[in-house]
Amino acid sequence: MLDQVPGPADSEFTAHVLLAAVRADLVEHLAGQEGVPRERMRAQLANLTARFVGADPGEG
């Protein structure tokens, strides 16, 4: 599916971008220091991922 994402990025780069969103240090910064609720982070990541792969985030 990642090979089908439009744009200049290749599937390997796209995979890294998606995985970067769940790095422990980023999650800790957002949840701990910024006070972002974990459910909000999950929803934002689901929406971003769905946009990348052209799916409806409500399906999963």
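Here the structure is a predicted model, which means the values were calculated and not measured.

Here the focus is the overall build of the chain. Along the chain, the regular secondary structure elements total three helices and zero strands. In the form shown here, the chain has an accessible surface area of approximately 4700 Å², with 55% of it arising from carbon and sulfur atoms.

The next subject is the pattern of salt bridges. Within this structure, the stated rule accounts for two salt bridges. As a salt-bridge pair, Arg23 and Asp25 come within 2.6 Å of each other at their nearest N and O atoms. In this structure Arg23 comes out as partly exposed when scored by relative accessible area, which is 48%. Residues Glu39 and Arg42 are paired through a salt bridge, measuring 2.5 Å at the closest nitrogen-oxygen approach. You can see Glu39 and its partner Arg42 sitting in helix H3 (residues 38-53), three residues apart, about one turn around the helix.

Interaxial distance between helix H1 (residues 11-20) and H3 falls to 11 Å at its minimum, and their mutual angle equals 170 degrees. With respect to their mutual orientation, H1 and H3 come out roughly antiparallel. In this structure, H1 contributes Thr14, Val17 and Leu18 to the contact, and H3 contributes Leu45, Thr49 and Phe52. Class assignment for the residues of the contact of H1 with H3 results in four nonpolar, two polar and no charged.

So, on to the confidence of the model for the chain. Mean pLDDT for the chain: 77, with 73% of residues reaching 70 or above. In the model of the chain, H1 stands out as the element of lowest mean pLDDT, 75, in contrast to helix H2 (residues 24-33), which has the highest, 86.

So, how was this worked out
- Residues numbered from 1 in each chain as written.
- Predicted model: local features only at pLDDT ≥ 70, side-chain atom pairs only at ≥ 80, totals over all residues.
- Heavy atoms only, no water.
- Helix = DSSP H or I, 4+ residues; strand = E, 2+ residues; numbered from the N terminus.
- Areas by Shrake-Rupley, 256 points an atom, 1.4 Å probe, with all protein chains shown as cover.
- Salt bridge = Lys/Arg side-chain N within 4 Å of Asp/Glu carboxyl O.
- Buried < 20%, exposed > 50% of the residue type's maximum accessible area, 1.4 Å probe, protein only.
- Axes fitted to C-alpha atoms, helices over the stretch in contact; angles between N-to-C directions.
- Parallel < 35°, antiparallel > 145°, perpendicular 65-115°, else oblique.
- Contact = heavy atoms within 4.5 Å.
- Nonpolar A, V, L, I, M, F, W, Y, C, P; charged D, E, K, R; others polar.
- pLDDT = per-residue confidence, 0-100.

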